[in-house]
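Reading the structure
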Amino acid sequence: MSQPTEITALFADHLQRVSEQWEASLAFAGFDAAIITAGEPVSYFLDDQAPPQKLNPHFLQWCPDTAAIGSALLIRPGTGPQLFFLQPSDYWHQPPEVPEWAADFDVQIFAERDALLAAARRAAFASANHVALIGDSGQDVLQEISAEDTNTPALLDHLHFARARKTPFELGAMRVATERAVRGHLAARDAFYTGASEFQINLAYLGACGQLPAELPYQNIVALNEHAGVLHYQHYDTAPPANRHSFLIDAGGSHCGYASDITRTYTAESGGLFGELIERMDAAQLALIETMAAGMPYLELHTDMHRRLAGILSDSQLVTCSAEEAFESGLTETFLPHGLGHLIGLQTHDVGGQQLGPEGGLSPPPENYPALRLTRTLEAHMPVTIEPGLYFVPQLLEAAFAGSAGNHLNRGLIEALLPCGGIRIEDNVYLDDGVLVNMTREAFAAAEAVTAEA
């Protein structure tokens, strides 16, 4: 796959930074080398078909080629990475091409998986005594590597903590993933306004972003009306609803294995309360993002958003108490039951979000915010999502109505909004040496400017 020139130009620097990090992590965990297996498909139970393969993210960080199924890397400090590339002689399936990144590797091509792993094993133990294995395949051939040296927590923790900070190449790949997703989002929005079904909206998204469902970082959430109140709604109705109220889409794109994760919410009728709530949530999300700074605990952002949400609930009379009382009593948790966001990169919910440091250990979220995936302190070049929500979930509302603060809920107004499901607005942002970068808003602005010129 052809890459943007500006992305390709950043890869050599990326590889150098990744090499330095891996050298430090291997030394910390006491290893001389590591074999990273890309991963192999596993068939469904009692079947000869397998789901689409998502490669080992540690492999992709070195070799960002999602077609390198069954391949492996050998990493040794002081020596360039070796790529053992699987290219089967096959007429049932199209064999993968050697990735363009291979110019930066010592590459050996194999037609058989076991021969490939055996060669990686010989190369590793020819110059190393303590070899780690990272991956979910290859143990049957790489038997010299013990279970204790396979996916060793000390090594993974050290790598995962550092992976939150992205190189310019990684940020560039995420920008391309964002641009793809935004094209899909705009097409999906237009399809909604023409009365399309969830199934048709999803097709419009795929066509505009130019990626297959298996290539996307996660399954698109395309939710009309009350379906927007199901946080990870997983279906696509083939017929449009009789009455249209709202549309929530949570959908991303991918590039070189890196993800974007974007959510937008729309109303079918302008001027109503639900439309006003979307505008208020959009403004609150942007205002919250403006407060971000290196050294700020992410939990502080999360708590701040709950306070802002309390103000929206009080001002709109969804609650009959003050904003402070709505926050202190926990009422906002009924309307926003998930965390504010998460790390993002090689995985949609990237690893290490609750780590205390490179040595491991966890900083769990507070008991009243159990779904918060990110409890770390913000750093430069650490992309995160900011995705506040305001939902009307019957299950949560019924519990709140029956609770001690239930008399502060405006039942009539809330029940009138149940058909709308809810609101979520999600951007991917990071700090670039003190300057806030909102990749999502920049991509939307650029795409809409091109449309306006056309």
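Here's a quick rundown of the structure.

Reading the values: rules and limits
Residues numbered from 1 in each chain as written. Predicted model: local features only at pLDDT ≥ 70, side-chain atom pairs only at ≥ 80, totals over all residues. Heavy atoms only, no water. Helix = DSSP H or I, 4+ residues; strand = E, 2+ residues; numbered from the N terminus. Rg over C-alpha atoms; globule rule 2.2 N^0.38 Å. Buried < 20%, exposed > 50% of the residue type's maximum accessible area, 1.4 Å probe, protein only. Contact = heavy atoms within 4.5 Å. Areas by Shrake-Rupley, 256 points an atom, 1.4 Å probe, with all protein chains shown as cover. Lys, Arg positive; Asp, Glu negative; His and termini not counted. Charge placed at Lys NZ, Arg CZ, Asp CG, Glu CD. Pairing = 2+ DSSP bridges. Axes fitted to C-alpha atoms, helices over the stretch in contact; angles between N-to-C directions. Polar contact = N/O pair within 3.5 Å; in protein donor to acceptor, adjacent residues only side chain to side chain. Disulfide = S-S within 2.5 Å.

**Points about the overall build of the protein chain**
- Helix and strand content of the protein chain: 14 helices and 17 strands.
- Taking 2.2 N^0.38 as the reference for a compact globule, 454 residues should give roughly 22 Å; the C-alpha atoms of the protein chain span a radius of gyration of 24 Å, in line with that estimate.
- Viewed in the frame of its principal axes, the protein chain has a C-alpha envelope of about 75 × 50 × 45 Å.
- The proportion of buried residues among the 454 residues of the protein chain is 53%.
- A separation of at least 24 residues holds for 71% of the contacts in the protein chain among residues at least 6 apart in sequence.
- Here the protein chain displays about 19500 Å² of accessible surface, and carbon together with sulfur accounts for 53% of that area.
- When the 23 basic and 57 acidic side-chain charges of the protein chain are each reduced to a single mean position, those positions are 2 Å apart.

**Re the sheet that holds strand 6 (residues 221–224)**
- Taken together, the three strands give an open sheet; going across it, the order is 6-7-10, and neighbouring strands pair in antiparallel fashion. One side of each edge strand has no neighbouring strand; the edge strands of this open sheet are strand 6 and strand 10 (262–267). Adjacent strand axes in the sheet meet at a mean angle of 5°, parallel and antiparallel pairs treated alike.
- The sheet contact formed by strand 6 and strand 7 (residues 246–251) spans four bridges and is antiparallel. Looking at strand 7, one finds that Ala 223 is bridged to Leu 248.
- Relative to strand 10, helix 8 (residues 273–290) is tilted by about 150°, and along the sheet it contacts strand 7 and strand 10.

**Topic: the sheet that holds strand 2 (residues 72–76)**
- Strand order in the open sheet formed by five strands is 4-3-2-1-5, with mixed pairing between adjacent strands. The open sheet terminates on both sides in strands that have one partner only, identified here as strand 4 (106–110) and strand 5 (131–134). Strand-to-strand, the axes of this sheet are offset by a mean angle of 15°, without reference to chain direction.
- In this structure, strand 2 lies alongside strand 3 (residues 79–86), joined through four bridges in antiparallel fashion. Of the residues in strand 3, the one forming a bridge with Leu 73 is Leu 83.
- Sheet contacts for helix 2 (residues 11–29): strand 1 (33–37), strand 2 and strand 5; angle to strand 1, the most-contacted strand, approximately 115°.

**Details of the side chain of Lys 166**
- Positionally, Lys 166 belongs in the loop between helix 5 (153–163) and helix 6 (168–193).
- One polar contact links the side chain of Lys 166 to the main-chain carbonyl oxygen of Arg 163, over a distance of 2.9 Å.
- Sequence-distant contacts of Lys 166, that is, excluding residues within four places in its chain, are made with Leu 171, Met 174, Ile 344, Gly 345, Asp 350, His 381 and Pro 383.

**Observations regarding the pairing of strand 3**
- Taking burial as the measure, the eight residues of strand 3 include six buried ones, the bulk of the element.
- Linking strand 2 to strand 3, which pair antiparallel, is a turn of two residues; within it Gly 78 sits at a positive phi near 85°.
- Of the pairings in the sheet, the one linking strand 3 to strand 4 comprises five bridges and is parallel in character. Directly across from Gln 82, in strand 4, lies its bridge partner Asp 106.

**What about the environment of Phe 401?**
- When you line up the elements, Phe 401 lands in helix 12 (residues 394–402).
- The buried category is assigned to Phe 401, whose relative accessible area is 13%.
- Considered as a pair, Phe 401 and Gly 138 are 263 residues apart in the sequence and their alpha carbons are 54 Å apart.
- Contacts of Phe 401, omitting those with residues within four sequence positions, involve Gly 406, Leu 409, Arg 411 and Ile 414.

**A word on the state of the cysteines**
- Scanning the entire structure with this criterion turns up zero disulfides.
- This cysteine, Cys 63, is not joined by any disulfide, and Cys 256 carries the nearest cysteine sulfur, 9.8 Å off.
- Exposure remark for Cys 63: the relative accessible area of 0% places this residue in the buried category.

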